[in-house]
Amino acid sequence: MEPTTNTNILGPGISVFLIDDSQASLSAIKAQLEGYGCVVSGFLDPKTATGELALKKPDVVITDLEMPNMNGIEFVRSLRDSGTCDETPILMLTGNYDEATMVRAIQAGVDAFVSKSSVKEVLAVQLLALTRLRRLFQESARVRQEAQKQLIQTSRLSSLGEMAGGIAHEINNPLGIVRGKAEQLLRMIQQGRLTPEHGTKELKKIVEMTERMAKIIKGLRAFSRNADNDPFDTTTLKTLVENVLSFCSEKFKIHAIKLEVAPIPEVKLICRAIQIEQVMLNVLSNAFDAVMPLSEKWIHLDFKIHEEVLLISITDSGKGIPPHIADKIMQPFFTTKEVGKGTGLGLSVGKGIIEDHQGRLRHDTSCSNTRFVIELPLRQRKVEGQAA
C-alpha cells in the first residue's frame, strides 16, 4: 500500500537550514519541507550555511553527507567544535547507510539520519522528534536558569546573614552618636546655654551620621534584591569595593582581623554591580571564617591590571587549601563549614556569576597562603542585557 503524506504532522513555523550540493535535490527536499509548513533556508555549500548560522539559529539543521570540498561529517564536526550549533539538532541525509559512516557521523555530532530513498513521512517524523527534543532541552535550560537565579539569591541573603552582626554594629555606632548629640542639644536648650554656633556644629554631625546610616541601609536594600535581570552597566571599581567594605569592615574590626586594602585603581567595569559585590563579599566572608581560629588573623585585598584584565586578589593568613578539598570547592553545596554555618553555594554561584561576566574565579595554588582571584575583563564583548 502506498504511504500517505500527512502535511499537518509538524505544524507551522519550524525553521530549517537545508544544505545539499545538488540543486535538484535541494529544491525537491525544500518543497517537501515547505509542504509541512516549515520555513526553509537552502544552501548549496556548507561554508555559506556556516556564515548564516552565526547570525541565525534554526530549529533544525539538515545536511547532505556527500558534498565536495567538505563532506557532511566534517561540516557537522566544525559546527559542534566551534559552538555554532551547540543546542541545534542536526539531521543527516544520506544514501550511504553503512555502520561505520553512522558511527563517525554520531561522533561528529549528528543526531539522526534519513535515507534519501525513504518515504516522505520518515523525514517528517524525524523532524518532529528532533523539534520535540529541542523544546524539551530549551525547557530544561529554562528550569536550570531559574534554579540558578534562586541559588544566587539564596547565596546573597546567606552572605548578608553572615555579616549581619557587623552591619548592625555599623548602624548602631552612628545611631548612638545621633542620640547622644540630640540629648546634649536638648539639655543645653533647657539650660539656656546653646549658642547658634555650637548648635550648628552639632547638628552638622547629626546630619553626617544620618547620611552614613542612610547609605548603609540603601546598600542593604540594593544588595538584598534580585539583580539577575539588571542590565550590564558601567561602574567604578572603587564604588564596588567601598560598597562591599561597608558590609564587612566593621565585623572584621570587632573580631580583631586586620584588613588591608591596596590602593584601588581608577578603572571602570561594565557589569551587574550587585552580583560582583556579592562574589567579593562571599570570598571575604569565607576568608573571615578561615582565619577566625588562627592566632594570626589578616586579610589582604589587592588589585592588578594585566593585559586588559582586572585581577582582584583576596588573600588570608591561612596556609592554603588541601588538594583533595581544593578540587571540590567550586562544586554546588560542597562546604567544609559546620552545619548551619554555610550553604556550600557561595563559590559555585560566584563562579557562575563571574563566568557570565566573561571572567574567571579561581583558587591560586601558587600562593603560600589562601588566595582567591577574581578575573574580570576591562573590555567585554557585547553580552545579552549589557547596556549600550
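First, a word on what this report is: a plain description of the structure on this page.

Rules used throughout
- Residues numbered from 1 in each chain as written.
- Predicted model: local features only at pLDDT ≥ 70, side-chain atom pairs only at ≥ 80, totals over all residues.
- Heavy atoms only, no water.
- Helix = DSSP H or I, 4+ residues; strand = E, 2+ residues; numbered from the N terminus.
- Salt bridge = Lys/Arg side-chain N within 4 Å of Asp/Glu carboxyl O.
- Buried < 20%, exposed > 50% of the residue type's maximum accessible area, 1.4 Å probe, protein only.
- Phe/Tyr/Trp six-rings, centres within 6.5 Å; stacked < 30°, edge-to-face > 60°.
- Lys NZ or Arg CZ within 6 Å of the ring centre and 35° of its normal.
- Core = buried A, V, L, I, M, F, W, Y, C linked by side-chain atoms within 4.5 Å.
- Contact = heavy atoms within 4.5 Å.
- Pairing = 2+ DSSP bridges.

In this structure, Glu307 takes a positive phi of about 50 degrees despite not being glycine. Summarising the element assignment, Glu307 is placed in the loop between β9 (298-306) and β10 (309-316). Despite not being glycine, Gln358 has its phi angle at roughly 65 degrees, a positive value. Take Gln358: it is sitting in the loop between α11 (346-356) and β11 (360-363).

The next thing to look at is the pattern of salt bridges. Where charged atoms of side chains with opposite charge meet at close range, the side chains can pair. Tallying each qualifying case throughout the model produces ten salt bridges. Ionic pairing is found between Glu34 and Lys30, a salt bridge with its closest N-O pair at 2.7 Å. Taken together, the residues span about one helical turn, with Glu34 and Lys30 both in helix α1 (residues 23-35) at a distance of four residues. When its relative accessible area of 26% is taken as the criterion, Lys30 is described as partly exposed. In this structure, Asp364 engages Arg371 in a salt bridge whose closest nitrogen and oxygen atoms are separated by 3.5 Å. Linked by salt bridges that have partners in common, Lys181, Glu202 and Lys205 make up one network.

Under the criterion given, the structure shown has two aromatic pairs. With a centroid separation of 5.0 Å and 50 degrees between ring planes, the pair formed by Phe17 and Phe43 is classed as tilted. Separated by 26 residues along the polypeptide, Phe17 in strand β1 (residues 15-19) and Phe43 in strand β2 (residues 39-43) bring together distant segments of the chain. Summarising the burial analysis for this pair, Phe17 and Phe43 share the class buried. Where Phe252 meets Phe288, the ring centres are 5.7 Å apart and the plane angle is 25 degrees; that geometry is what we call stacked. With Phe252 in helix α8 (residues 237-254) and Phe288 in helix α9 (residues 273-291), this residue pair connects regions lying 36 residues apart in the sequence. Comparing Phe252 with Phe288 shows no difference in burial state: the two are buried. Here the guanidinium or amino end of Lys251 rests over the ring plane of Phe288, the centre of that ring lying 4.3 Å away.

With that out of the way, let us pick up the nonpolar core. Within soluble globular proteins, side chains that are nonpolar generally end up buried alongside one another. Grouped together as the largest cluster of nonpolar side chains are 39 residues, with contacts concentrated most on Ile312 and Ile374. Listed by contribution, the elements that provide at least two residues to this core are α8, β8 (268-271), α9, β9, β10, α11 and β12 (370-377). Per-element accounting of this core gives the leading share, nine residues, to α9. With residues up to four places along the chain from it excluded, the contact list for Ile312 reads Leu237, Met280, Leu301, Asp302, Phe303, Phe372, Val373 and Ile374.

So, on to the pairing of strand β5 (residues 112-115). Every second residue of β5 is oriented toward a common face, with Ala112 and Val114 on one face and Phe113 and Ser115 on the other, all of them buried. Sheet analysis places strand β4 (residues 90-94) next to β5, joined by four bridges and oriented parallel. Counted as the bridge partner of Thr94 is Ser115 from β5.

What follows is about the environment of Val291. Counting through the fold element by element, Val291 comes out in helix α9. Val291 gets classed as buried once you look at its relative accessible area, which sits at 0%. C-alpha separation for the pair Val291 and Ser317, spaced 26 residues apart in sequence, amounts to 6.4 Å.

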